[in-house]
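Report on the structure
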Amino acid sequence: ATGTTSAFLQTHESNPDFTVNFRPGPSIDSGQPVATLDPGTPLQYLDEQTTGDDGSIWLRMETQDGAEGWLREVDTVRTN
């Protein structure tokens, strides 16, 4: 990322019980995961969501280190 970076503001965390794949797009078929997130990884919601082919809601998120990707809503916990 280039330019001005806004401060990370945690809005969610990844599932506290297991690791989840951080996807490049809102689908399990969107390619190799951007990352595998450890349980409880802090996340910031980027105000974008869509419904996937399987009917699940996908949220666009950012990690504290600046990686952006998508997670199913069921794989997140809202923290505020």
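Coordinates for the structure precede this section.
Now for a description of the structure that goes with this document. No experiment lies behind these values; they were computed from the predicted model shown.

**Topic: the overall build of the protein**
A count of helical and extended segments in the protein gives zero helices and seven strands. Element order for the protein, N to C, with α for helix and β for strand: β-β-β-β-β-β-β. The C-alpha atoms of the protein give 12 Å as radius of gyration, which agrees with the globular expectation for 80 residues (12 Å, within 12%). Dimensions of the protein, computed from the C-alpha atoms along their principal axes, are close to 35 × 25 × 20 Å. Within the protein, buried positions represent 32% of all 80 residues.

**Section: unusual backbone geometry**
With a phi close to 55°, D47 is a non-glycine residue in the positive phi region. The class for D47 is exposed, based on a relative accessible area of 69%.

Reading the values: the criteria
- Residues numbered from 1 in each chain as written.
- Predicted model: local features only at pLDDT ≥ 70, side-chain atom pairs only at ≥ 80, totals over all residues.
- Heavy atoms only, no water.
- Helix = DSSP H or I, 4+ residues; strand = E, 2+ residues; numbered from the N terminus.
- Rg over C-alpha atoms; globule rule 2.2 N^0.38 Å.
- Buried < 20%, exposed > 50% of the residue type's maximum accessible area, 1.4 Å probe, protein only.

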